[in-house]
Amino acid sequence: GALDGWVTRCFDDDAAPLARHAPVVHVSWYEANAYCRWAGRRLPTEAEWEVAAIAQPVEGEGEGDGEGKAEAEGGGGGGGALGGGGRRLPRVERHAEPWPRAAAGGELLRLSPAKRTFPWGEAPPTPERANLDGLRPCGYLPVDAMPGADSAFSCRQMVGN
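How each quantity is defined
Residues numbered from 1 in each chain as written. Predicted model: local features only at pLDDT ≥ 70, side-chain atom pairs only at ≥ 80, totals over all residues. Heavy atoms only, no water. Phe/Tyr/Trp six-rings, centres within 6.5 Å; stacked < 30°, edge-to-face > 60°. Buried < 20%, exposed > 50% of the residue type's maximum accessible area, 1.4 Å probe, protein only. Salt bridge = Lys/Arg side-chain N within 4 Å of Asp/Glu carboxyl O. Helix = DSSP H or I, 4+ residues; strand = E, 2+ residues; numbered from the N terminus.

So, on to the packing of aromatic side chains. A full pass over the atoms with the stated rule returns 3 aromatic pairs. Relative to Tyr-30, the ring of Trp-29 has its centre 5.2 Å away and its plane inclined at 90°; by these criteria the two rings are edge-to-face. For the pair formed by Trp-29 and Tyr-30, the shared burial category is exposed. Ring centres of Phe-118 and Trp-120 lie 5.1 Å apart, and the angle between their planes is 5°; this geometry places the pair in the stacked category.

This brings us to the pattern of salt bridges. Per the counting criterion, the structure on display carries 3 salt bridges. Glu-50 is the partner of Lys-115 in a salt bridge, and the nearest nitrogen-oxygen pair spans 2.5 Å. Note that Lys-115 is positioned in the segment after strand E5 (107-110) and Glu-50 in helix H2 (residues 46-54), a separation of 65 residues in sequence.

Bringing unusual backbone geometry into the picture now. Most peptide bonds are trans, and most residues other than glycine sit at a negative phi. A positive phi angle, near 55°, is found at His-26, a position not held by glycine. Within the secondary structure layout, His-26 lies in the loop between strand E2 (16-19) and helix H1 (29-38). You will see that Gln-157, though not glycine, has its phi angle at about 55°, which is positive. Positionally, Gln-157 belongs in the segment after E5.

Dropping the structure here:
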């Protein structure tokens, strides 16, 4: 359904009701940061974004490591950064070990040193994985489209759209 009172325009078309799952587009970092502050959230750091997009947890390490739990909300400035489905993005922890760590769901995870080429893995982008052609209406897809392209941390549409 549409959001009451909100409209959108696609090029020279007449104003149309804004779809509930339409992505936010044409927003600067400053505007996104202001929204996050208003909502009691924050934008992810560059390291958090990279972990959410292309990192992989080490197989069998999802239950934590017994060294204590890290807050998944990240430090400073209020609530944590949000990922897919309103879930918290993993927060990168600094440790002396040679492998990175991330907090996800309150548990510390070891991350594989191997990174994915794309959020969904190694396969190249296709129209089913990334909206790169802009040929769809207004050039974007609903934010809940393309679940098969999710990252290992369930973040969606990190390439395209």
